[in-house]
Amino acid sequence: MDLSKTIIPKSDQLNADDLISGSKTIKIRDIKGGNDDAQPVCIYFYGDNNKPFKPCKSMRRVLVQLWGTDGLQFIGKRMTLFRDDTVKWAGVDVGGIRISHVSHIPEATRVLVTTAKNKRTPMTIEVLPLVELKDLAGAKKALQDKKVTLDAVLEKYDLTEEQLKTLQDETV
């Protein structure tokens, strides 16, 4: 019996406890402003069950350093999230979510992450390779036969604009 579903936190966002069983690679489908000063960014991803990733300030700084300041440009990009048990809140180790890999960067990148009021710790963000769709005709047929949804294809692959248009035409 898989117990992972029995320990899911009741919350409106992705939590470090959601990652107890291991890291999670997500593909961004939308990004919106939050209504909380501490967590002003909501990153929605495929399969999120409407529980967005709300990155802490340190992880927002990492994203800005790697991908720039325009959050809308993050849509379609991927990142791997993991639980870091050493994340502190009010001086206590409570655990938090960190980013280990991102797509759309040319090479692994060293960043400095704030870990205490006046302390920054180096961390390396690794390259998350793009996942190319090699069988466009097969994906098109699977969509026609309703064996897969367009969202499922978008979640799994990094499509070119031409591939996306071709597949969107199949779902109309």
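Residues numbered from 1 in each chain as written. Predicted model: local features only at pLDDT ≥ 70, side-chain atom pairs only at ≥ 80, totals over all residues. Heavy atoms only, no water.

1. Here we look at the confidence of the model for the chain
For residues with low pLDDT, the predicted coordinates do not support detailed interpretation.
Stage number 1. Averaged over every residue, the pLDDT of the chain is 91; the share at 70 or more is 97%.
Stage number 2. For the chain, the element scoring lowest by mean pLDDT is strand β4 (residues 88-89), at 78; strand β3 (residues 78-84) scores highest, at 97. (pLDDT = per-residue confidence, 0-100. Helix = DSSP H or I, 4+ residues; strand = E, 2+ residues; numbered from the N terminus.)

2. A look at the packing of aromatic side chains
Stage number 1. Under the defined criterion, the tally for this structure stands at 1 aromatic pair.
Stage number 2. A cation over a ring is seen here: Lys 32 above Tyr 44, with NZ or CZ 5.7 Å from the ring centre. (Phe/Tyr/Trp six-rings, centres within 6.5 Å; stacked < 30°, edge-to-face > 60°. Lys NZ or Arg CZ within 6 Å of the ring centre and 35° of its normal.)

3. Here we look at the pattern of salt bridges
Stage number 1. This model, assessed by the stated rule, comprises 12 salt bridges.
Stage number 2. When the shortest N-O distance is used, the salt bridge between Asp 18 and Lys 51 registers 3.7 Å. Of this pair, Asp 18 sits in the segment before β1 (24-33) while Lys 51 sits in the loop between β2 (41-45) and α1 (57-67), placing them 33 residues apart in sequence.
Stage number 3. Via salt bridges that share partners, Asp 17, Arg 83 and Asp 85 belong to a single interconnected network. (Salt bridge = Lys/Arg side-chain N within 4 Å of Asp/Glu carboxyl O.)

4. Digging into the side chain of Ser 103
Stage number 1. With respect to the helices and strands, Ser 103 occurs in the loop between β6 (96-102) and β7 (109-116).
Stage number 2. Within the structure, the side chain of Ser 103 is placed 2.6 Å from the side chain of His 104, a separation counted as a polar contact. (Polar contact = N/O pair within 3.5 Å; in protein donor to acceptor, adjacent residues only side chain to side chain.)

5. Points about the environment of Ile 105
Stage number 1. With respect to the element layout, Ile 105 can be found in the loop between β6 and β7.
Stage number 2. A C-alpha to C-alpha distance of 17 Å links Ile 105 and Tyr 157, two positions 52 residues apart in sequence.
Stage number 3. Aside from chain neighbours lying at most four places away, what touches Ile 105 is Leu 66, Trp 67, Ile 125, Glu 126 and Val 127. (Contact = heavy atoms within 4.5 Å.)

6. Regarding the packing of helix α2 (residues 136-144) against helix α4 (residues 161-170)
Stage number 1. Put simply, α2 and α4 touch, their axes get as near as 9 Å, and they point 25° apart. One finds that α2 runs roughly parallel with respect to α4. Crossing hand, α2 versus α4: right-handed. Together, Leu 136, Ala 139, Lys 140, Leu 143 and Gln 144 of α2 and Gln 163, Thr 166, Leu 167 and Glu 170 of α4 make up the contact between the two elements.
Stage number 2. Of the residues belonging to the contact of α2 with α4, the class tally is 4 nonpolar, 3 polar and 2 charged. (Axes fitted to C-alpha atoms, helices over the stretch in contact; angles between N-to-C directions. Parallel < 35°, antiparallel > 145°, perpendicular 65-115°, else oblique. Left-handed = near helix turned anticlockwise from the far one by under 90°. Nonpolar A, V, L, I, M, F, W, Y, C, P; charged D, E, K, R; others polar.)

7. Regarding α1
Stage number 1. Taken together, the buried positions of α1 are Ser 58, Met 59, Arg 60, Val 62, Leu 63, Leu 66 and Trp 67.
Stage number 2. Count one or two residues on from α1 and you reach Gly 68, which has phi positive near 100°. (Buried < 20%, exposed > 50% of the residue type's maximum accessible area, 1.4 Å probe, protein only.)

8. A closer look at the nonpolar core
Stage number 1. Within the largest apolar cluster, 25 residues are counted, with the highest numbers of intra-cluster contacts made by Phe 53, Trp 67, Met 79, Leu 81 and Val 102.
Stage number 2. The set of elements that each furnish at least two residues to this core consists of β1, β2, α1, β3, β6, β7 and β8 (119-127).
Stage number 3. Tallying contributions element by element places α1 first for this core, with 5 residues.
Stage number 4. Within the second largest apolar cluster, 9 residues are counted, among which are Tyr 46, Ala 139, Leu 154 and Tyr 157. (Core = buried A, V, L, I, M, F, W, Y, C linked by side-chain atoms within 4.5 Å.)

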